Amino acid sequence: MSERTERLSVRKTYKLFIGGAFPRSESGRSYVVTSSKGDFLANAARASRKDARDAVGAARKAFPGWSGATAYNRGQILYRIAEMLEGRRAQFVAEITAMGGVGAKQAGEMVDASVDRLVWYAGWSDKIGAVLGSSNPVAGPYFNLSSPEPTGVVAVVAPQEGPLLGLVSVIAPVIVTGNTCVVIASERAPLPAITLAEVLATSDLPGGVVNILTGSAAEIAPWLAGHMDVNGIDLTGADPELAVTCEELAAENLKRVLRPPVDRVNWLADPGIERMTAFLETKTVWHPIGI
Amino acid sequence: MTTPLAEVASSPSTLRAFLHGLPGVDRVGADARAAMLGTRSIKTTAKKQAIDMAIGMVDLTTLEGADTPGKVRAMCAKAVRPDPTDSSVPPVAAVCVYPDLVATAVEALAGSGVKVASVATSFPSGRSSLEVKVADTSLAVAAGAAEIDMVIDRGAFLAGDYLKVYEEIVATKEACGDSHLKVILETGELATYDNVRRASWLAMIAGADFIKTSTGKVSPAATLPVTLVMLEAVRDFLAATGRKVGVKPAGGIRTTKDAIKYLVLVNETAGPDWLHADWFRLGASSLLNDLLMQRQKMATGRYAGPDYFTLD
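Just so we're clear, the structure is a prediction, and the values are computed from it rather than from any experiment. (Residues numbered from 1 in each chain as written. Chains lettered and ligands numbered in written order. Predicted model: local features only at pLDDT ≥ 70, side-chain atom pairs only at ≥ 80, totals over all residues. Heavy atoms only, no water.)

Okay, the interface of chain B and chain A next. Listed by partner, the interface residues are ten residues for chain B and eleven residues for chain A. When residues of chain B are sorted by the area they lose upon contact with chain A, B:Arg302, B:Tyr303 and B:Tyr308 head the list and together hold 66% of the total. At the junction of chain B with chain A, the criterion picks out zero salt bridges. Grouping the constituent residues of the side of chain B that touches chain A by class yields four nonpolar, two polar and four charged. (Contact = heavy atoms within 4.5 Å. Buried area = accessible area lost by both parts, 1.4 Å probe. Salt bridge = Lys/Arg side-chain N within 4 Å of Asp/Glu carboxyl O. Nonpolar A, V, L, I, M, F, W, Y, C, P; charged D, E, K, R; others polar.)

Structural data, given as structure tokens:
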């Protein structure tokens, strides 16, 4: 009679999300992600500066297509992300509760709020132009029209807390307006970010629009802040010291910088449109009347 | 080799016998060797040197139907001073244009030391009569081209009419006068490495000063293994005849990493004697910006962006 043996668990090693693919870190490094009790959860890749460089390249390549897509199309894709995220609800709840601090019920609310957040931003795609654009009275025989345009490639240091809702709340406003982004996920709780990458990969989102790096923000963010081909940086998840370093580095090519919030953010609150306007340019065109 | 090299082209049969008598290329071996050399790690100071060396070897090329004198002049300015913000960047080796724009380039580059190369002989297909090809070459030479990049007749080569190819190269070489002749083999159309080796020898026997992989209009263009085979050919040709011939991979070399792989390949195959713009060139357009970006990254410590360099 055979002895009953316990099934060997599959110890996962996750990878990065760059250009729509899931490569290992160029450095070959990984780190152990543990639960709040110290139990092994998975291995995550520890991205290096070269992974960040590759991710910027992928984001830059994706930018013309994504910013050139119709607002309606971008909204549809964001809505699709929300649908796909909903389908993974149980997995997200398990990953959030494993990190501790919240129970299953609360984690469920976080996931639901993330879905709602995506749907909310999806709706903004074809409305932001109406809110921020204007036709300007000028002293001459011209039309003068202003419209918001995406900034370009945006680096995002995702919040360390609120692993899913916080992450969705920083990515969605950046991409809905046509930017592409490189996101550094929460170092302590990267699993929801990795699962979100799997959601994004199956959501009709063109490869490279969102690139997700796991690892140390302190190591990677300065490289992104100094990168001459990055147009903006969101420092929400950076600690004060890192934020100052990054802002100084970002000055070289006049990146738009979104500083970290002073107070602890309640991600469940109404986000407002500030996160979208932070990475928009205003394009103004003069148009002669009567031709 | 039973027939002396001077006499192999005396008849179609001796030429054929000679070319088919060359040892075959071990395809798997060549691929593996090129891939292995491609893994060499060149960092810090060595990388800095390699980048400057590669910049000095670039044949900055524009071969589009839409080329204008203005575009050629802009490219020439870039060739002389690749990075306007940094005077320590060396000029490139040459600019490469169509024959009708040679005069423009010569005027723009006068006194700079950057050479003007011109494609000729019904580039890129090479499908015309010998008279037209020679006239095409003479036009470019008369306009002041110091280097002529000719294409071989691949149709004749693949049909086995080696003597026709040989005679065309000889005739073009004659039309070149003092100008250097680079012979484009268009390896992407030659199908096998054996053919690449044969075409290399054929071109060298006929008097080529350089052998060049590709026109850049056919995919695949330059690859590492093909360049390896050609580098072996020039090395062996020097040993057999005492005449040194240069090599120019062209097309598809876009990144600094690629360029450095080629330099490693040259050093390890033909030897360090070939690591000079007189003997090795890189035919490229977008490569130069990547080299400049890498150079700036090494100088400033921050990744460079393409917005800060001129468009080709």
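That covers the picture; the talk isn't over yet.
This part takes up the environment of B:Thr241. Residue and element names in this part refer to chain B. On the secondary structure map, Thr 241 appears in helix 10 (residues 224–241). Along the backbone, Thr 241 and Ala 6 are 235 residues apart, and their C-alpha atoms lie at a distance of 9.8 Å. From its side chain, Thr 241 meets the backbone oxygen of Phe 237 in a polar contact 2.8 Å long. Engagement of the side chain of Thr 241 in a polar contact is seen with the backbone nitrogen of Arg 243, the distance being 3.1 Å. (Helix = DSSP H or I, 4+ residues; strand = E, 2+ residues; numbered from the N terminus. Polar contact = N/O pair within 3.5 Å; in protein donor to acceptor, adjacent residues only side chain to side chain.)

As a further point, take empty space enclosed by the protein. Residues and elements named next belong to chain A. Enumeration over the complete set of coordinates arrives at two cavities of 30 Å³ or more. Approximately 60 Å³ is the volume attributed to the largest cavity. Going through the elements one at a time, helix 2 (71–87), helix 6 (165–176) and helix 7 (191–201) are the ones with two or more residues in the lining of the largest cavity. Per-element accounting of the lining of the largest cavity gives the leading share, four residues, to helix 6. (1 Å grid on protein atoms, 1.4 Å probe; cavity = no way out; pocket = protein on both sides within 12 Å on 5 of 7 lines; lining within 4 Å. Points joined across faces, edges and corners; volume = space filled by probe spheres on them.)

What follows concerns the sheet that holds strand 3 (residues 134–135) of chain A. Residue and element names in this part refer to chain A. The three strands are arranged 3-4-10 in an open sheet whose pairing can be described as antiparallel. Of all the strands in the sheet, the pair left with one neighbour each is strand 3 and strand 10 (280–288). In this sheet, strand 10 lies alongside strand 4 (residues 142–150) in antiparallel orientation, the contact comprising nine bridges. Paired with Leu 145 across the bridge in strand 10 is Val 285. (Pairing = 2+ DSSP bridges.)

Below, the discussion takes up the packing of aromatic side chains. Between two aromatic rings, the relevant description is the distance of the centres plus the angle of the planes. Inspection of the entire model under this criterion finds nine aromatic pairs over all chains. Each ring, one from A:Trp223 and one from B:Tyr303, has its centre 5.6 Å from the other, and the planes form 50°; the classification is tilted. Note that A:Trp223 is positioned in helix 8 (residues 217–226) and B:Tyr303 in the segment after helix 12 (286–300), a pairing that runs across two chains. Look at B:Tyr303 and you get buried, because its relative accessible area is 6%. Three or more aromatic residues link up through ring pairs in this structure, and these residues are A:Trp120, A:Tyr121 and A:Trp124. (Phe/Tyr/Trp six-rings, centres within 6.5 Å; stacked < 30°, edge-to-face > 60°. Buried < 20%, exposed > 50% of the residue type's maximum accessible area, 1.4 Å probe, protein only.)

All names here are of chain B. Running from amino to carboxyl end, helix 1 (residues 12–21) crosses helix 9 (residues 193–205) at an angle of 130°, the nearest separation of the two axes being 9 Å. Put simply, helix 1 runs oblique to helix 9. The hand of the helix 1/helix 9 crossing is right-handed. Contacts between helix 1 and helix 9 involve Leu 15, Phe 18, Leu 19 and His 20 on the former and, on the latter, Arg 198, Trp 201, Leu 202 and Ile 205. Of the residues in the contact of helix 1 with helix 9, the class split is six nonpolar, one polar and one charged. (Axes fitted to C-alpha atoms, helices over the stretch in contact; angles between N-to-C directions. Parallel < 35°, antiparallel > 145°, perpendicular 65-115°, else oblique. Left-handed = near helix turned anticlockwise from the far one by under 90°.)

The next point concerns the sheet that holds strand 8 (residues 232–234) of chain A. Residues and elements named next belong to chain A. The five strands are arranged 7-6-5-8-9 in an open sheet whose pairing can be described as parallel. In this open sheet, the two strands that pair with only one neighbour each are strand 7 (210–213) and strand 9 (256–258). Put simply, the sheet's adjacent strands are angled 15° from each other on average, direction ignored. The sheet contact formed by strand 5 (residues 153–157) and strand 8 spans three bridges and is parallel. Note that in strand 8 the partner of Ala 155 across the bridge is Ile 233. Lying on the sheet, helix 6 is in contact with strand 5, strand 6 (180–184), strand 7 and strand 8; it crosses strand 6 at an angle near 160°. Together, strand 5, strand 6, strand 7 and strand 8 form the strand contacts of helix 8, whose direction differs from that of strand 6 by roughly 155°.

Attention shifts here to the layout of surface pockets. The volume enclosed by the largest pocket comes to roughly 1200 Å³. At the level of elements, helix 1 (49–68) of chain A together with helix 3 (44–57), helix 11 (256–269) and helix 12 of chain B are the ones that each hand at least two residues to the lining of the largest pocket. The element contributing the most residues to the lining of the largest pocket is helix 1 of chain A, with eight residues. In the lining of the largest pocket, the residues fall into eleven nonpolar, twelve polar and 17 charged. Approximately 690 Å³ is the volume attributed to the second largest pocket. Taken together, 29 residues form the lining of the second largest pocket, with A:Glu161, A:Gly162, A:Arg264, A:Val265 and A:Trp267 sitting closest to its centre.

Helix length check: helix 3 of chain B (14 residues) gives 20 Å between terminal C-alpha atoms against 20 Å at 1.5 Å per residue, within 8%. Each element contacted by the buried residues of helix 3 of chain B is listed here: strand 1 (58–61), helix 11, strand 8 (282–284) and helix 12 of chain B. (Expected span 1.5 Å × (residues − 1).)

It is worth spelling out the UniProt feature "domain: Aldehyde dehydrogenase" (unreviewed entry) in chain A at this point. Sites flagged by UniProt as "domain: Aldehyde dehydrogenase" (unreviewed entry) map to residues 27–257 of chain A. The straight-line gap between the two end C-alpha atoms of residues 27–257 of chain A is 28 Å; of that span, 51% is helix and 18% is strand. (UniProt positions renumbered as here; feature names shortened; annotations may be inferred.)

Residue and element names in this part refer to chain B. Mapped onto the elements, Arg 154 comes out in helix 7 (residues 154–158). Arg 154 sits in the buried class, given a relative accessible area of 5%. Engagement of the side chain of Arg 154 in a polar contact is seen with the backbone oxygen of Pro 124, the distance being 2.9 Å. Apart from the residues within four sequence positions on either side, Arg 154 is in contact with Pro 124, Ser 125, Gly 126, Leu 185, Glu 186, Glu 189 and Leu 190.

In this section: the packing of helix 8 (residues 162–176) of chain B against helix 9 of chain B. To characterise two packed helices, one gives the angle between the axes of the helices and the distance between these axes. Residues and elements named next belong to chain B. Orientation of helix 8 relative to helix 9, taken along the N-to-C sense of each, is 40°, at an axis distance of 9 Å. As judged from the angle between their axes, helix 8 and helix 9 are oblique. The handedness of the crossing between helix 8 and helix 9 comes out as right-handed. In this structure, helix 8 uses Tyr 162, Val 165, Tyr 166 and Ile 169 to contact helix 9, whose residues at the interface are Arg 198, Leu 202, Ala 203 and Ile 205. In terms of residue class, the contact of helix 8 with helix 9 is made up of seven nonpolar, no polar and one charged.

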